[in-house]
Amino acid sequence: MTTPIRHGALALLVGAAVMMTAAGAARAAGAPPGVADARIASTFVMHGRVTTAVRVHGEHRGQPITRRWTFAGVDCMGSVCPRLTLRRQRSGHRFDSLILSRVGVGSYAGSGRFTSALRCRGRHVANGLVVPYTVRVQVTQVVAIEGIPFAGAVRATYTNRRRIDRTRCPIGPSHDAAGYTGAAAPLPTPPAATFQVAVPPGSDTATFADTSTPGAGAAPIVGRLWTFDDPASGPANAATASPVAHTFAAPGVYQVTLTIIDANGLTASSAQEVVVPGVQASKATVASTALSSPIS
């Protein structure tokens with residue numbers, strides 16, 4: 001059974017994204033050089049240096065560091081995302097997750113904290129050190145994909161102003177900071193739209209299953225629109241579910257199209273010819289076969 005929707009539903013969604021892209025570009029006109037609104041929706045290889053290290057074990061000022069940060073936009077429209085999720089690699093192949101909020105054109109900031117072990121009087125204290133920190137990110141390069149601006153490069157800072165020692169062995173004031181630049185690795189690409197069709201013999205109903213795959217960056221597919229090339233079926237000529245079944249109004253050959261959209265606003269389409277024999281054609285074939293059979 002089909003799920004009726006308005007035929008232009010996906011087009012309206014894509015159109016809204018394009019309008020927001022234009023709005024983001026207009027806001028960017030007054031931004032500092034090298035800064036613009038763009039979706040940050042990739043893994044970035046971040047190269048940087050420690051800019052401050054006071055009583056931080058294993059760190060010194062000027063130390064080079066390389067990390068991987070993975071961003072995903074939240075509630076994005078076109079080039080503007082009000083929030084980002086960030087999975088940030090730190091030393092020891094450990095990871096933190098935090099939310100960044102948009103604080104200006106192409107700029108985001110957010111705060112989090114992590115804990116670390118300390119030794120005190122011969123004892124291992126698992127979460128003896130608490131490290132609150134702030135991350136700031138700014139877009140420095142924009143690449144348009146399907147008309148949507150994406151960040152190709154960013155610069156970022158990590159700042160910890162005070163580490164909190166929860167043990168009875170105070171280490172004294174300690175803090176650290178670092179600055180980074182990074183490039184997307186890789187930039188997002190559109191998803192690939194594919195689907196499977198099953199038409200049982202002697203049936204006027206076909207079943208369709210979406211087998212599409214995400215593009216680079218693995219942004220999930222968040223919407224789909226089927227059109228069955230069957231206007232006589234009325235509102236049932238379109239659907240959004242998967243799998244979905246459609247009963248065609250008459251036998252014939254139909255050009256069925258699937259259009260998908262992913263979480264980055266990127267789209268793809270795929271079309272197949274579907275041959276529908278119809279119930280009446282099947283009955284006629286059975287009757288003809290019966291008449292031509294020999295009498296035993």
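Rules used in this analysis
Residues numbered from 1 in each chain as written. Predicted model: local features only at pLDDT ≥ 70, side-chain atom pairs only at ≥ 80, totals over all residues. Heavy atoms only, no water. pLDDT = per-residue confidence, 0-100. Contact = heavy atoms within 4.5 Å. Core = buried A, V, L, I, M, F, W, Y, C linked by side-chain atoms within 4.5 Å. Buried < 20%, exposed > 50% of the residue type's maximum accessible area, 1.4 Å probe, protein only. Helix = DSSP H or I, 4+ residues; strand = E, 2+ residues; numbered from the N terminus. Pairing = 2+ DSSP bridges. Axes fitted to C-alpha atoms, helices over the stretch in contact; angles between N-to-C directions. Polar contact = N/O pair within 3.5 Å; in protein donor to acceptor, adjacent residues only side chain to side chain.

Caption draft 1: Structural view of the confidence of the model for the chain. The pLDDT averaged across the chain works out to 85; a share of 82% of its residues lies at or above 70. In the model, residues 1-9 has pLDDT below 50 throughout and makes 23 contacts with residues more than four positions away in sequence or in other chains. In the model, residues 281-296 has pLDDT below 50 throughout and makes one contact with residues more than four positions away in sequence or in other chains.

Caption draft 2: Looking closely at the nonpolar core. Ranked by size, the top nonpolar core spans 30 residues in total, and within it Ile40, Trp69, Phe71, Leu100 and Val137 carry the most contacts. When residues in this core are grouped by element, the largest group, six residues, is from strand 6 (residues 123-145). Not counting the four nearest positions on each side in its chain, Trp69 is found in contact with Ser42, Thr43, Phe44, Met46, Leu86, Arg87, Arg88, Gln89, Val135, Val137, Ala156 and Tyr180. Membership of the second largest hydrophobic core comes to 16 residues, among which are Phe228, Ala239, Phe248 and Val256.

Caption draft 3: Structural context of the sheet that holds strand 14 (residues 244-247). One open sheet holds the three strands; their spatial order is 10-11-14, and the pairing between them is antiparallel. A strand with exactly one partner marks an edge of an open sheet, and here the two such strands are strand 10 (195-198) and strand 14. Neighbour-to-neighbour, the strand axes of this sheet turn through a mean angle of 25°, independent of strand direction. One ladder, built from four bridges, connects strand 10 with strand 11 (residues 205-210); its direction is antiparallel. Bridge assignment links Val197 to a residue of strand 11, and that residue is Phe208.

Caption draft 4: Expanded view of the side chain of Asn160. As for its placement among the helices and strands, Asn160 is situated in strand 7 (residues 148-160). Given a relative accessible area of 1%, Asn160 falls into the buried group. Of note is the side chain of Asn160, whose polar atom sits 3.0 Å from the backbone oxygen of Arg162. Apart from the residues within four sequence positions on either side, Asn160 is in contact with Val131, Pro132, Tyr133, Ser174, His175 and Asp176.

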